Structure formats: C-alpha cells, structure tokens
Amino acid sequence: MSNQDQKAIFITGSSSGLGRATAKLFAAKGWKVIASMRNPDKEKELAKTSDVILMALDITEPQQIESAAQEVVGSGGVDVVLNNAGTGLAGALEGLTDEQILRIVNTNMLGTIRTTKAFIPHFRQKEQDCSSIRPRLADG
Ligand SMILES: NC(=O)c1ccc[n+]([C@@H]2O[C@H](COP(=O)([O-])OP(=O)(O)OC[C@H]3O[C@@H](n4cnc5c(N)ncnc54)[C@H](OP(=O)(O)O)[C@@H]3O)[C@@H](O)[C@H]2O)c1
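In what follows, the accompanying structure is described.

The rules behind the values
Residues numbered from 1 in each chain as written. Predicted model: local features only at pLDDT ≥ 70, side-chain atom pairs only at ≥ 80, totals over all residues. Helix = DSSP H or I, 4+ residues; strand = E, 2+ residues; numbered from the N terminus. Buried ≥ 20, exposed ≤ 12 C-beta atoms within 10 Å, placed from the backbone. Contact = placed C-beta atoms within 7 Å. Near = placed C-beta within 6 Å. Nonpolar A, V, L, I, M, F, W, Y, C, P; charged D, E, K, R; others polar. Core = buried A, V, L, I, M, F, W, Y, C linked by C-beta atoms within 7 Å. Pairing = 2+ DSSP bridges. Right-handed = clockwise from strand over helix to strand, strands pointing away.

## Focus on the overall build of the protein chain
Broken down by element type, the protein chain carries three helices and four strands. Sequence-ordered secondary structure for the protein chain, helices as α and strands as β, is β-α-β-β-α-β-α. Put simply, the protein chain has 140 residues, and 23% of those count as buried. Partitioning the contacts of the protein chain with sequence separation of at least 6, the portion at a separation of at least 24 is 56%.

## With respect to the site of the ligand
Close to the ligand lie 21 residues, the nearest being Gly13, Gly17, Leu18, Ala85 and Gly86. The leading source of residues in the shell around the ligand is helix H1 (residues 17-28), at three residues. Of the residues assigned to the shell around the ligand, the class counts are five nonpolar, 14 polar and two charged.

## What to know about the nonpolar core
Ranked by size, the top nonpolar core spans 22 residues in total, and within it Ile9, Phe10, Ile11, Val33 and Ala35 carry the most contacts. Only strand S1 (8-11), H1, strand S2 (32-37), strand S3 (52-56), helix H2 (62-74) and strand S4 (80-82) provide two or more residues apiece to this core. When near neighbours in sequence (up to four residues on either side) are disregarded, Ile9 contacts Phe26, Trp31, Val33, Val78, Asp79, Val80 and Leu82.

## Things to note about the pairing of S2
Among the six residues that make up S2, six are buried, leaving the element largely enclosed by the rest of the structure. Residue alternation in S2 divides its side chains into two sets, Lys32, Ile34 and Ser36 and Val33, Ala35 and Met37, and both sets are buried. Bridge count for S1 against S2 is four bridges, and the pairing is parallel. By the bridge assignment, Ile11 is partnered in S2 with Ala35. Handedness of the crossover is the feature at issue here: the chain leaves S1, passes through H1, returns alongside S2, and the resulting connection is right-handed. Pairing between S2 and S3: five bridges, direction parallel. Of the residues in S3, the one forming a bridge with Val33 is Val52.

Structural data, given as structure tokens:
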C-alpha cells in the first residue's frame, strides 16, 4: 500500500481504555493513527508503535482543539475522527458538586461538539474532492 492509500484516524483520549485499544488496533491494520491525549509525554508504548503519532490534546481546551485540528488537516488530514475522550462519575446526582457536573459537561458534551465542529470543514472539503472526481470516472 502506498502512503497515499493509507487511511488515517484521529482519536481523542488515547491514553487508556477504548481509545488506546483502538489506536493499537488501527495501527496494526495499517492505518496512520493520530493518538491524542492530555499527557503524551507519559505514553511509552504507543510512542514506539509504527504509524502512531502522539499529539497533546485536552478536549476541555477549545484553543487546543482548534490547533490540533489545524495540525492534523495540514499534515494530510484524516478519514475518521473518533470522539472517545470522556469522563464519568458514579453516585447520586444530588451528591455531585457543581465543579464535577461542569467537568463532565465540558468534557463529554462540549469537548465532543467542539472537536467534531473543528473537523467538519475538512470532511466537507473531502466530500467536494470526491464529487469532483466522479465526473471523471463517468467520462472514463
Ligand atoms: N467503558 C464503558 O463501559 C463505557 C460506557 C459508556 C461510555 N463510555 C465512554 O467511552 C469512552 C472510553 O471509555 P473507557 O472505558 O475507555 O474510559 P477510560 O479508560 O476512562 O478512558 C477515558 C479516556 O478519556 C481521556 N480523557 C478524559 N478527560 C479528557 C480530556 N479533558 N481531554 C482529553 N482526554 C480526556 C482519559 O485520559 P487521561 O488518561 O488523561 O485521564 C482517558 O484516556 C469514554 O468517553 C467513556 O465515557 C465507556
């Protein structure tokens, strides 16, 4: 497979759990993986995995999301964005502090919305690219 054919995926929250497992799975299947996480300096295994690029991203930081999306798009773009980063709390709702509630909303809701929004122009552009190829296929 040439590098041009290689598919790419951008994952948030790749430091553990499903995000980490997904990064390893896609890399093993030949994809380019941009594995974003809050503390990439602490990640040893993925840092050594072929075709995995680590990127710092805290999805509660809107400016970081914009910068990450720009960097990813500027270095070739992606085929898939996996909004995986998230946080949870167990317990009775009335026991949660306002700070805990805000952290969940900022991460699980606003972080996911902002990440998706930051990549939408890229996917719209890809769609345009695809439709500009179709007439040529029809002609051929
Ligand atoms: N496992 C389940 O049964 C289940 C069920 C329903 C939904 N989910 C959702 O599925 C996703 C993955 O679940 P999991 O079980 O793999 O959870 P996990 O092991 O706790 O992993 C969550 C990941 O999100 C990252 N994260 C948290 N806050 C972040 C932030 N502000 N910016 C960037 N990354 C952040 C964590 O990074 P740090 O290492 O920096 O904390 C961690 O890598 C989560 O969104 C979870 O809420 C899971």
